[in-house]
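Structural features, examined
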Amino acid sequence: MLAALEHPGNASSVHGEGRWARDLIEGAREAVAALLGAKAANVVFTSGATEAANWALTPLEPDERLYVSAVEHPCVLAAGMFAPDGTTSVPVRDDGVLDLEALRARLAADADKGRPVLALMAVNNETGVVQPVAEAAAVVHEFGGRMICDAVQAAGRMPLSLADLGADILFLSSHKLGGPQGAGALVVAREDAFPKNLLKGGGQEKRRRAGTENLAAIAGFGVAVQEVRHHVSQMERLQELRQRLEQGLRKIEARTLIAGEAAERVANTVLFATPGMAAETLVIAFDLEGVSVSSGSACSSGKVGDSHVLRAMNFAAPSAIRVSLPWNADERDIDRFLDVWQTIHHRMNLGRAA
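Below, the structure is looked at part by part. (Residues numbered from 1 in each chain as written. Predicted model: local features only at pLDDT ≥ 70, side-chain atom pairs only at ≥ 80, totals over all residues. Heavy atoms only, no water.)

1. Digging into the packing of helix α2 (residues 16-36) against helix α9 (residues 215-231)
Stated formally: For helices, the axis comes from a line fit to the C-alpha atoms of the stretch in contact; other axes are also lines fit to C-alpha atoms, and the angle between any two N-to-C directions lies between 0 and 180 degrees. By definition, any uninterrupted DSSP run of H or I lasting at least four residues is a helix, any uninterrupted run of E lasting at least two residues is a strand, and each is numbered from the N terminus. A clockwise turn of the near helix away from the far one marks a right-handed crossing, whereas an anticlockwise turn of less than a right angle marks a left-handed crossing. Any two residues whose heavy atoms approach within 4.5 Å at even a single point are treated as in contact.
Look at α2 against α9: their axes get within 8 Å of each other, and the N-to-C directions meet at 35°. The hand of the α2/α9 crossing is left-handed. Between α2, through Trp20, Ala21, Leu24, Ile25, Ala28, Ala31, Val32, Ala34 and Leu35, and α9, the contact on the second element is made entirely by Leu215, Ile218, Ala219, Phe221, Gly222, Val225, Gln226, Val228 and Arg229.

Printed below as a string of C-alpha cells:
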C-alpha cells in the first residue's frame, strides 16, 4: 500500500507508472478470483461491500422480484435498485437459519409475478450463523431465478467456492479480511450475470465500474486475500477457543443466552446475552476495561440494543453483545475477556442489589 501511495501513476495510463499500477490491480484481481475459484475477468473492484450490494441488487428484467432473508445486512435490506413494493422478506427459524420451506412456498405463490432474485448472506454478521446458500440457490434456480450472495463475513473463515455456493453474483469487503477500508469486490459466475452499470463515466474496470481505482486500497485488499487463504486452517483452533469462551460465560452467569447456538456458526463470532443487563451499559463497561465489543451490526448508525436480526430470530434479549475473535487469538485473550466480564457482572449485580 505504501508503494502504491508513493507512485502517482494512473492504472488507465500507458506510461511506465501507469503500467506498474495496472499490474498491481490485476495481481489483486487474480488473488480475489483464486480465493473463490472464479475467473479474474469476472471480478470488479468497488469502494466496498455496500456499493457492491447496491450494484448487485439491480433488476436485469422489468418483472424481476427481490427476496431477502430477514437477517440480511442493512445494505441488502435497502433493496438497491429494486422497488420497495417488489421486495419480499423471507423468515428465518429461531436458530437464525433461512427457512427453506418458507422460501419455496413464497416463490411458488409468486410464480406468476415475475422472475425471482434471492439475496442471502453466507454468514450472518451479528450471530455468525452459516446460511444454506447452496440449498437456497438450488430452489431459486428451480424457479428460473438468480442468486446473490453476501460473502463478506464468510471469506477467510470458511472455504469459499462460487460454484459450490451456486451464486450468480457474490460480493466481498476488504476490511473484513484484515485489509484496508474503502475496497470491495463484486464477482459473477458468468459474464452475462453482470448487472447493469451502477457508476457510469470512464472506462475503468473494463467499462463495468467507472471511476479511477483506489490503487492503495486494492493493493492492500489483494495482499489480505492471499493471507486469509491460510487463516481458514486456524478455524478449528478458534472453534476450541469459542467453546472455552462460551463455557466461561455460562460459568459466570448460568442464564447466559447464545444466539444461533443450535446452528452451524463460524468460529470467530459469539453473540451472547444476560437477562436484566442493558446492551449500551455493557458496551461502555467493556470499553472502560479496554475491551472492544459491539451490540448488533457496526453498520447500524452507532445504535446499540436494536437488532433486526435478533427480532427475526425471536431472540428477546436487549443485552445482546457480539464478540469477535481475530484469527490469531489465544487462550490468554479468552481468559482476559472472561476476567473483565466477571468484574463487570459482579459490579452490576452489586449495583442492582443496592
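Once you've had a look at it, read on.
2. Observations regarding the state of the cysteines
Here is the rule we go by: The definition used for a disulfide is geometric: two cysteine sulfur atoms within 2.5 Å.
Scanning the entire structure with this criterion turns up zero disulfides. Considering cysteine sulfurs only, Cys75 is the nearest to Cys149, which forms no disulfide, with 12 Å between them.

3. Side note on the pattern of salt bridges
Stated precisely, the cut-off is as follows: One side-chain nitrogen of Lys or Arg within 4 Å of one carboxyl oxygen of Asp or Glu is enough to make a salt bridge. Only protein chains enter the area calculation, which uses a 1.4 Å probe; residues under 20% of their type maximum are buried, those over 50% are exposed, and those in between are partly exposed.
Scanning the entire structure with this criterion turns up 22 salt bridges. The residue Glu61 makes a salt bridge to Arg115 at a minimum N-O spacing of 3.3 Å. With Glu61 in the loop between α3 (49-56) and β2 (65-69) and Arg115 in the loop between α5 (100-109) and β4 (116-121), the pair connects residues that are 54 residues apart, well separated along the chain. Exposure remark for Arg115: the relative accessible area of 24% places this residue in the partly exposed category. Among the ionic pairs, Glu289 bridges to Arg347, the shortest N-O distance being 3.9 Å. Of this pair, Glu289 sits in the loop between α11 (279-288) and α12 (308-312) while Arg347 sits in helix α13 (residues 331-353), placing them 58 residues apart in sequence. Residue Glu289 is classed as partly exposed on the basis of its relative accessible area, which comes to 29%. Note on Arg347: relative accessible area 42%, which makes it partly exposed.

4. Remarks on the packing of aromatic side chains
Note the following rule: Any two rings among Phe, Tyr and Trp, with Trp reduced to its six-membered ring, count as a pair given centres within 6.5 Å; such a pair is stacked if its planes are under 30 degrees apart, edge-to-face if over 60, and tilted if neither.
Taken as a whole and assessed by the stated rule, the structure comprises six aromatic pairs. Both rings, one in Trp55 and one in Phe194, keep their centres 6.4 Å apart while their planes meet at 25°; by these two values the pair is stacked. Here Phe194 lies in the loop between β7 (184-188) and α8 (204-207) and Trp55 lies in helix α3, a separation of 139 residues in the sequence. Between Phe286 and Phe337, the ring centres sit 5.0 Å apart and the planes meet at 10°, which makes this aromatic pair stacked. Residue Phe286 is located in helix α11, and its partner Phe337 is located in helix α13; the two are separated by 51 residues in the primary sequence. According to the relative accessible area criterion, Phe286 is buried, its value standing at 0%. Classification of Phe337 as buried rests on a relative accessible area of 7%. One aromatic cluster in this structure is built from Phe272, Phe286, Phe337 and Trp341.

Shape is all these values report; function is a separate question.
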